[in-house]
Amino acid sequence: MLTRKYALFKHLNPHELSPEQFKELEKEIKKPDAKVYSDQYCDFLLWCNGHPSRQESFAEFISKKLSKHPGAKILEVGCGRTARLSRILSEKGFNMTCIDKIVEPDLISGVKVIKGKFDYRHFDLSDYDFIIAQEPCDATEHVVRACTNQNKPFFMSLCGVPHKLISGGTPKTYEEWYEHLLRVSNGSAKLIYLSLDPLTRTPVLKSKTGF
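Read on for a plain summary of the structure. The numbering scheme is per chain: residues are counted from 1 as the chain's sequence reads. For a predicted model such as this one, the threshold for reporting local features is a pLDDT of at least 70, and the threshold for listing and counting side-chain atom pairs is 80 or more; totals across whole chains, interfaces and linings nevertheless cover every residue. To obtain the side-chain values, all non-hydrogen atoms of the structure were used and water was disregarded.

**Structural notes on the overall build of the chain**
When you go through the chain residue by residue, the secondary structure sums to seven helices and seven strands. Secondary structure elements follow DSSP: runs of H or I no shorter than four residues count as helices, runs of E no shorter than two count as strands, and numbering proceeds from the N terminus. Counting from the amino terminus, helix and strand elements in the chain follow one another as α-α-α-α-β-α-β-β-β-α-β-α-β-β. All radius of gyration figures rest on C-alpha atoms, and the globule criterion is 2.2 Å times the number of residues raised to 0.38. Relative to the compact-globule value of 17 Å for 211 residues, the chain shows a C-alpha radius of gyration of 17 Å, a close match. The C-alpha extent of the chain, read off along each of the three principal axes, is 50 × 40 × 30 Å. By residue count, 46% of the 211 residues in the chain fall in the buried class. Sequence-distant contacts, at least 24 apart, represent 50% of the contacts inside the chain between residues at least 6 apart. Accessible surface for the chain amounts to roughly 11,200 Å². Of this, 50% is attributable to carbon and sulfur atoms. Under the convention used here, Asp and Glu are negative, Lys and Arg are positive, and both His and the chain ends fall outside the count. Taken as the charge centre is NZ of Lys, CZ of Arg, CG of Asp or CD of Glu, depending on the residue. The chain carries 31 positive and 26 negative side-chain charges, and their two centres are separated by 3 Å. Think of it in three bands: with a 1.4 Å probe and only protein chains considered, a residue is buried below 20% of the maximum accessible area for its type, exposed above 50%, and partly exposed in between. It only takes one pair of heavy atoms within 4.5 Å for two residues to be counted as in contact. Each accessible area is a Shrake-Rupley estimate made with a 1.4 Å probe; only the visible protein chains count as cover when residues are assessed.

Now the structure itself:
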């Protein structure tokens, strides 16, 4: 059943997956892991059941949270190749800027694009009202430090696996990773779990004010 739906999914490519992501998705469909599955597999299952993608659900949540701030200037960190989340929020009326070292500016319209690495030691957030990120991987700690140092409200969903610390080394578990991020925030952030889509409970790290 999934194999037949996958053929249509690949033809339509509603979530703008790259050839490499399709290869990984094909492997996962053939041999799924009951405990851990990739973002593209989750989105594929959502699509199969007629639900919005993770990016669409995330954008809808942010849009409702910031409904009193129409036209707000938002920076998305770790936007990916096509900056789909930023594009959706731009269509909802927000003034979007996105940054990622793998972003392809030629594929994107309606959004200001910065191709490069987000580094809290050099990036000035003064032009933005809010910072968002959807599982930004190695940029996660940079977002927390930048927003804490520059007093900017942020909302960020977290990966389910730990990532390398700026200081070096990698926490052994995701729990240790989350605890480290909370320490880095110096008490300005909190960890919550939200059902942003019907399939998962999403860990979110957010500033205590602004969202």
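**Examining the packing of aromatic side chains**
We call Phe, Tyr and Trp rings a pair once their centres come within 6.5 Å, taking the six-membered ring for Trp, and we label the pair stacked below 30 degrees between planes, edge-to-face above 60, and tilted otherwise. For the structure on display, the rule yields 13 aromatic pairs. Taken together, a centroid distance of 5.7 Å and an interplanar angle of 65 degrees make the contact between F58 and F155 edge-to-face. Here the residue F58 occupies a position in helix α4 (residues 54-65), and F155 occupies one in strand β5 (residues 154-157), the gap between them amounting to 97 residues. Take F58 and F155: they sit in the same class, and that class is buried. Through pairs of rings, three or more aromatic residues link up here, namely Y6, F9, F22, F44 and W47. The cationic tip of K10 hangs over the ring face of F22; the distance from NZ or CZ to the ring centre is 5.9 Å. Criterion for a charge above a ring: Arg CZ or Lys NZ at most 6 Å from the ring centre, at most 35 degrees from the ring normal.

**Some thoughts on the side chain of E141**
Mapped onto the elements of the fold, E141 is located in helix α6 (residues 140-150). Using a relative accessible area of 1% as the deciding quantity, one classes E141 as buried. A 3.5 Å cut-off defines polar contacts: any pair of N or O atoms within that distance qualifies, except that in protein one atom must be a possible hydrogen donor and the other a possible acceptor, and neighbouring residues in sequence count only when both atoms are side-chain atoms. In terms of polar contacts, E141 uses its side chain to reach the side chain of R145, at 2.8 Å. Leaving out residues up to four positions away in the same chain, E141 has contacts with L165, I166, W177, H180, L181 and V184.

**A few points about the pattern of salt bridges**
Definition used for salt bridges: Asp or Glu carboxyl oxygen within 4 Å of a side-chain nitrogen of Lys or Arg. All told, the structure shown has 11 salt bridges when counted by the stated rule. Three or more residues are tied together by salt bridges with common partners; here these are D39, D43, R54 and E135.

**A word on the sheet that holds β5**
Any two strands with at least two DSSP bridges between them are considered paired. Sheet architecture is open: seven strands sit in the order β3-β2-β1-β4-β5-β7-β6, paired in mixed fashion. At either margin of the open sheet sits one strand with a lone partner, and together these are β3 (112-115) and β6 (189-194). Neighbouring strand axes in the sheet, compared pairwise and without regard to direction, differ in orientation by 20 degrees on average. Note that strand β4 (residues 130-134) and β5 share four bridges and pair parallel. Lines are fitted to the C-alpha atoms to define the axes, a helix being fitted only along its stretch in contact, and any angle between axes, read from their N-to-C directions, falls within 0 to 180 degrees.

**A word on unusual backbone geometry**
Phi at E16 is positive, roughly 60 degrees, even though this residue is not glycine. Structurally, the position occupied by E16 is in the loop between α1 (2-12) and α2 (19-30). You will see that A83, though not glycine, has its phi angle at about 50 degrees, which is positive. Position of A83 among the secondary structure elements: in the loop between β1 (73-77) and α5 (84-91).

**Digging into the pairing of β5**
Residues F154 and M156 of β5 are buried on one face, and the alternating residues F155 and S157, pointing to the opposite face, are buried as well. Handedness is read with the strands pointing away from the viewer; a crossover is right-handed when the path from the first strand over the helix to the second is clockwise. Taking the sense of rotation as the criterion, the β-α-β connection linking β4, α6 and β5 turns out right-handed. In the sheet, β5 pairs with strand β7 (residues 202-207) via three bridges, with the strands oriented antiparallel. Each bridged residue has a counterpart across the sheet, and for M156 the counterpart in β7 is L205.

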